[in-house]
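# Working through the structure, step by step
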Amino acid sequence: MRRLLRRPEAGAFFAALLVYLFFAIAAWKANFVSLNGTAAWLDTSAELGIMALAIGLLMIAGEFDLSIGSVIGATSIILAIGTNHYGVNPWIMLAAVFAFGGLVGLINGLIVVRTGLPSFIVTLATNYGIVGAALGFSRLLTNTTSSSMLTTPGVDFLFASQWGQANIAILWWIGLTLAALGVLMRTPFGNWIYATGGNIVAARGAGVPTSLVKIVLFVTTALTATLVGAIQAVEFHSGNAANGQGYVFQAPIAAVIGGVLLGGGYGSPLGLFFGSVIYGVISVGIFYTGWNTDWLLLILGALLLAAVLANSYFRRLALTTH
Amino acid sequence: MAERAPLIELKNVSKGFAGIQALSDVSISVHPGSILCLLGDNGAGKSTLIKILSGFHPPSSGAIFVDGVQTRFSGPREARGLGVATVHQEVGTIPMMSVARNFFLGAEPTRGWGPFRRLDIAKAERIAVEQIRSFGITRVTHGDQLVGTLSGGERQVIAIARAMYFGARILILDEPTSALGVKEAAKVLTLVKAARARGIGIVFITHNARHAMLVGDHFVVLNQGAVSAAFNRGEKSREEVLNLMAGGRQTEQIEADLALFEQDGQGVL
């Protein structure tokens with residue numbers, strides 16, 4: 001039992017359980033605990049969870065990425081304009097946006113690694129730059145900043161299948177969580193991610209290519225933002241250059257609630273998973289209770305604080321001897 | 001002692017940075033199974049000497065010999081490849097990672113093939129615990145224990161055990177005991193002796209003359225970038241060594257100042 005409590009996801013798991021039980025009781029009459037209710041919070045958790053996963057890994061390596069919001073928005077508007085205004089095949093446009101995402105990640109990573117500037121500032125700048133460029137170009141090309149998107153059945157299946165209320169994004173989320181779990185726990189690269197964030201001098205001393213680790217993670221994060229942008233564009237059959245800004249802070253919040261240490265070096269994909277569950281359960285649960293949703297931000301703020309306190313307690317526990 | 005070629009030898013090495021002479025005409029040699037203590041006050045040139053030994057800086061003049069062969073390290077990697085391992089104070093380990101993951105960082109064992117190649121955690125944990133326990137750190141029983149649960153001395157031992165496991169023949173220990181309490185320092189000093197018994201050549205850098213006298217075979221005192229004294233075990237008393245480190249006259253001056261201070265009645269701190 002004590003061994004389980006020492007795991008980095010322990011705090012997030014118990015918090016998720018508590019939050020879920022709370023809303024299960026508070027919103028029992030509104031059928032929060034039903035197939036539809038469950039699908040509703042899973043949908044919200046999934047799209048955030050995919051993003052939080054990538055941000056979480058980057059944070060474990062000691063870096064931050066605020067440009068994800070702009071990549072999500074730019075992805076959706078590029079897909080929409082490409083397929084709708086220029087009639088390009090959706091698959092080709094998908095290849096184009098993933099290339100674009102990869103390039104953004106590469107630029108973020110190279111700037112951070114080469115200049116040594118804080119990634120918080122660097123990616124804040126790229127976030128504004130890309131949003132501005134996406135708004136400007138879409139206005140220039142189509143005279144609007146949002147547009148509908150054309151898809152094919154294959155694209156629809158991959159990014160927007162639905163079973164009842166449940167979106168395929170849930171499968172993406174679970175699959176990517178398992179992949180991240182495999183990489184972090186069972187590959188040398190995963191070891192390097194922890195080491196890069198835990199003590200970069202010691203990591204370099206041991207021969208870990210810390211710059212490469214960071215660049216790979218910046219690229220992964222931007223590609224993940226592209227995936228979320230594509231899921232949203234296909235799901236709603238529309239793109240908007242201003243989409244995605246909500247994720248800029250929601251993803252790191254879910255990551256911190258999930259037990260990731262803001263300073264890097266600590267955290268786990270399962271913790272990120274439960275952090276996103278908590279966020280989804282609260283934001284959907286509050287609708288089901290019928291309370292005024294104005295309270296949502298207050299609850300989230302209090303939860304963030306509680307999560308940080310709980311996680312620092314669990315971390316101290318992890319540092320006591322067996 | 002050893003009549004074989006020294007593991008590593010510096011001959012008349014000098015190093016200047018932008019006109020400032022950090023080292024002048026320093027010669028030292030490290031033999032297998034012996035401990036060379038490098039003593040000196042802050043700013044005496046110890047750090048520069050470490051960086052030359054571990055391949056971070058080339059010397060401005062003079063020569064480095066490894067196993068009797070003149071060598072010019074292209075960088076720290078080449079020095080490591082030749083068996084020169086440097087363990088720095090407090091930067092060797094990562095607290096929020098497990099003992100096994102720390103031990104094998106940068107040289108992780110894997111099993112399987114191609115896309116199924118994965119970290120062999122069981123093997124890493126088994127070897128790490130074996131190695132660390134063989135140096136007397138019995139508090140490590142599980143490889144998945146976080147390094148942050150261990151004391152400063154135990155972390156230092158892990159860093160040293162790790163360097164030895166990966167084939168270090170020459171260990172450069174940079175102030176390994178200076179941040180530690182008495183018991184902790186004893187653990188590290190015991191390990192240093194154990195490493196000597198295994199035939200490792202050790203450069204023990206410290207400004208703690210007591211720790212140096214406890215384990216050292218040979219002693220070199222640096223003062224303002226130059227060797228001010230070189231002697232063997234038992235040739236000098238601790239007071240003599242302390243005086244040499246401080247440059248002799250300065251110590252007498254400090255003693256005189258302290259005596260005056262106490263006469264003023266302000267001696268109780």
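The coordinates are above.
Described in the following lines is the structure provided in the data block. (Residues numbered from 1 in each chain as written. Chains lettered and ligands numbered in written order. Predicted model: local features only at pLDDT ≥ 70, side-chain atom pairs only at ≥ 80, totals over all residues.)

### Focus on the overall build of chain B
Across its full length, chain B carries nine helices and twelve strands. By the compact-globule yardstick of 18 Å for 269 residues, chain B fits well, its C-alpha radius of gyration being 21 Å. With the C-alpha coordinates aligned to their principal axes, the bounding extent of chain B is approximately 70 × 50 × 40 Å. Looking at chain B as a whole, 43% of its 269 residues are labelled buried. Residue pairs in contact within chain B that sit at least 24 positions apart in sequence constitute 68% of those at least 6 positions apart. (Helix = DSSP H or I, 4+ residues; strand = E, 2+ residues; numbered from the N terminus. Rg over C-alpha atoms; globule rule 2.2 N^0.38 Å. Buried ≥ 20, exposed ≤ 12 C-beta atoms within 10 Å, placed from the backbone. Contact = placed C-beta atoms within 7 Å.)

### Some details on the overall build of chain A
Within chain A, the regular secondary structure consists of 14 helices and four strands. Against the globule reference of 20 Å for 322 residues, chain A gives a C-alpha radius of gyration of 20 Å, in line with a compact fold. Expressed along its principal axes, the backbone C-alpha trace of chain A runs to roughly 65 × 60 × 30 Å. In chain A, which comprises 322 residues, the proportion classed as buried is 54%.

### Examining the nonpolar core
M51(A), I278(A), L171(B) and F204(B) are the most contacted members of the largest nonpolar core, which totals 180 residues. Among the elements that make up this core, the one with the highest residue count is helix α3 (residues 35-60) of chain A (15 residues). If we skip the residues at most four places from it in the chain, I278(A) touches A12(A), A15(A), A16(A), V19(A), I257(A) and L303(A). (Core = buried A, V, L, I, M, F, W, Y, C linked by C-beta atoms within 7 Å.)

### Structural notes on the interface of chain A and chain B
Taken together, the contacts link 22 residues of chain A with 19 residues of chain B. Every element with two or more residues in the side of chain A that touches chain B is listed here: α9 (188-198) and α10 (200-205) of chain A. Of all the elements, α9(A) adds the most residues to the side of chain A that touches chain B, at five residues.

### Describing the sheet that holds strand β5 (residues 69-71) of chain B
Residue and element names in this part refer to chain B. With antiparallel pairing, the four strands of this open sheet are ordered in space as β2-β1-β4-β5. Only two strands of the sheet have a single neighbouring strand rather than two, namely β2 (20-30) and β5. Pairs of neighbouring strands in the sheet enclose a mean axial angle of 30°, with direction left out of account. Two strands pair when backbone bridges link them, and strand β4 (residues 61-66) and β5 are joined in this way by three bridges, in the antiparallel orientation. Looking at the pairing, F65 lines up with Q70 of β5. (Pairing = 2+ DSSP bridges. Axes fitted to C-alpha atoms, helices over the stretch in contact; angles between N-to-C directions.)

### Notes on helix α6 (residues 182-197) of chain B
In this model, α6(B) (16 residues) spans 23 Å end to end at C-alpha, consistent with the 22 Å of a helix rising 1.5 Å per residue. G199(B) lies just past α6(B) and shows a positive phi near 90°. (Expected span 1.5 Å × (residues − 1).)

### Focus on the pairing of β2(B)
All names here are of chain B. Here seven bridges tie strand β1 (residues 8-17) to β2, and the two strands are oriented antiparallel to one another. Bridging from a neighbouring strand, K15 pairs with L23 of β2. Hairpin remark: β1 followed by β2, antiparallel, with two residues in the connecting loop; positive phi at A18, about 45°.

### Things to note about the sheet that holds strand β3 (residues 35-39) of chain B
Residue and element names in this part refer to chain B. Here six strands make up an open sheet; going across it, the order is β6-β9-β10-β3-β11-β12 and the pairing mixed. Two strands in the sheet have a free side with no partner beyond their single neighbour: β6 (84-87) and β12 (226-232). Taking the axes of each pair of neighbouring strands and ignoring which way they run, one obtains an average angle of 15° across the sheet. Looking at chain direction, β3 and strand β11 (residues 218-223) are connected through four bridges and run parallel. Paired with L39 across the two strands is V221, which belongs to β11. Packed on one face of the sheet, α6 meets β3, β9 (170-174) and β10 (201-206) and runs near 155° to β10.

### Overview of the packing of helix α7 (residues 153-160) of chain A against helix α11 (residues 210-236) of chain A
All names here are of chain A. Two numbers describe how α7 lies on α11: the axes approach to 9 Å, and their chain directions differ by 120°. Here α11 runs oblique to α7, going by the angle between their axes. Crossing hand, α7 versus α11: left-handed. Judged by residue contacts, V155, D156, F159 and A160 of α7 engage A230, I231, V234 and E235 from α11. Residue composition of the contact of α7 with α11, grouped by class: six nonpolar, no polar and two charged. (Parallel < 35°, antiparallel > 145°, perpendicular 65-115°, else oblique. Left-handed = near helix turned anticlockwise from the far one by under 90°. Nonpolar A, V, L, I, M, F, W, Y, C, P; charged D, E, K, R; others polar.)

### A word on the packing of helix α4 (residues 68-84) of chain A against α11(A)
When two helices pack together, their arrangement is captured by the angle between the axes and the distance separating the axes. Residue and element names in this part refer to chain A. Across the interface, α4 lies against α11 with an axial gap of 8 Å and an inter-helix angle of 45°. Considering their axes alone, α4 and α11 lie oblique with respect to each other. α4 and α11 meet at a crossing whose hand is right-handed. On α11, the residues that touch I68, V71, I72, G73, T75, S76, L79 and A80 of α4 are T221, A222, A225, T226, V228, G229, A230, Q232 and A233. Residues of the contact of α4 with α11, tallied by class, amount to ten nonpolar, seven polar and no charged.

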